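Examination of the molecular architecture
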Amino acid sequence: MPIGFSPAAILALVAILGASAIMSGLSGFGFSAIGTLCLWLLPPKLGIPLLMTLSAANQLISIGHLKADMKPIREWWPDGPAAYLLGGLVGVPVGLAILHSLPTSNLLAVLGGFLVIYAAYSLQKPESLRISSKSGWIAPSLVGAAGGVIGGFTAFPGAAVVLWSGLCGLPKNESRAIVQPYILVLQLVSLAVLTIQHPETFDKTYWTLLAIAVPVVLPCTWLGVNLYRSVSDLNFRRITFMLLGTSGLGLLVKAARAAAQGGF
């Protein structure tokens, strides 16, 4: 048992992470949208890297089961994940700097409120409201950069890309073919940067919690992926926006907690 954690706290963490894995396996993103509830029990500098690691494992399992929907790497530019990744790689160091140096409660509150409002609006908006998905590589790169910044201090970089995919009206297989590689690569890059800049992050407590969580997260991801196969495009979009709303609520909770503690 990790020092400082009661059996009840460990059970709560396992339940949160199991639910996160099911929902992420179903939607292709959002592991940290549910998982951010762990920050009620873990400090951000421990909880965020833990969520990044488990999110990456979750994406590896999902992509392995859904590889038929994924484009070959040679087709990732300009209409696949490559443009988003280009921006994301620029944004990640900025997000990690925010995590480790700046009080972010106000920023989290604004972002969380935006996601909640956008998700609620999207669930009600006319299906005819769309923007062109053939916008070249600049717009996706900017979206990817925003996701990299957000992901660096929240562990869910996919929020910005999912918002964009929803506005473009991409079907669920095309959306997942962009969002999932993007999340996986950015989580791995974030962890690599943290390993270099803040090796103290990966202490005994981190590895113990990871060992407890992995046996729960992996089978729950498999369950979510199998549920995905039975979901229509319309219901997929509904689930996506509900998860974005959950992401926003999680950020608002995190912002309130950070404000109560005087920032990160």
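Now for a look at the structure at hand. (Residues numbered from 1 in each chain as written. Predicted model: local features only at pLDDT ≥ 70, side-chain atom pairs only at ≥ 80, totals over all residues. Heavy atoms only, no water.)

Looking at helix α7 (residues 158-168)
Each turn of an α-helix holds 3.6 residues, which means side chains three or four residues apart point in the same direction. The criterion, for reference: The buried label applies to any residue whose accessible area, calculated with a 1.4 Å probe on protein chains only, is under 20% of its type's maximum; exposed applies above 50%, and partly exposed to all values in between. Helix and strand definitions follow DSSP, with helices as H or I runs of at least four residues and strands as E runs of at least two, each counted in order from the N terminus.
Of all 11 residues in α7, 10 are buried; the element is thus mostly enclosed. Of all the residues in α7, the buried ones are Gly 158, Ala 159, Ala 160, Val 161, Val 162, Leu 163, Trp 164, Ser 165, Gly 166 and Cys 168. Positioned one or two residues after α7, Gly 169 has a phi angle of 65°, which is positive.

Let's talk about the side chain of Ser 141
Definition in use: Polar contact is defined as a pair of N or O atoms within 3.5 Å, subject to the rule that within protein one atom must be able to donate a hydrogen and the other to accept it, and that residues adjacent in sequence are counted only when both atoms are side-chain atoms. Whether two residues are in contact is decided by their heavy atoms: any pair within 4.5 Å suffices.
Here Ser 141 lies in helix α6 (residues 138-154). A polar side-chain atom of Ser 141 sits 3.1 Å from the main-chain carbonyl oxygen of Ala 83. In contact with Ser 141, other than residues within four places in its own chain, are Ala 83, Leu 86 and Gly 87.

A look at the nonpolar core
To keep it simple, the criterion reads: The criterion is simple. A nonpolar core is a set of buried Ala, Val, Leu, Ile, Met, Phe, Trp, Tyr and Cys residues joined through side-chain atoms within 4.5 Å.
Ranked by internal contacts, the top residues of the largest apolar core, which has 67 residues, are Leu 17, Leu 42, Leu 54, Leu 209 and Leu 244. It is helix α8 (residues 172-197) that provides the largest number of residues to this core, a total of 8 residues. When residues no more than four places from it in sequence are discounted, the contact partners of Leu 17 are Phe 31, Cys 38, Leu 51, Leu 54, Ala 213 and Val 217.

Any link to function would need more than the numbers given here.
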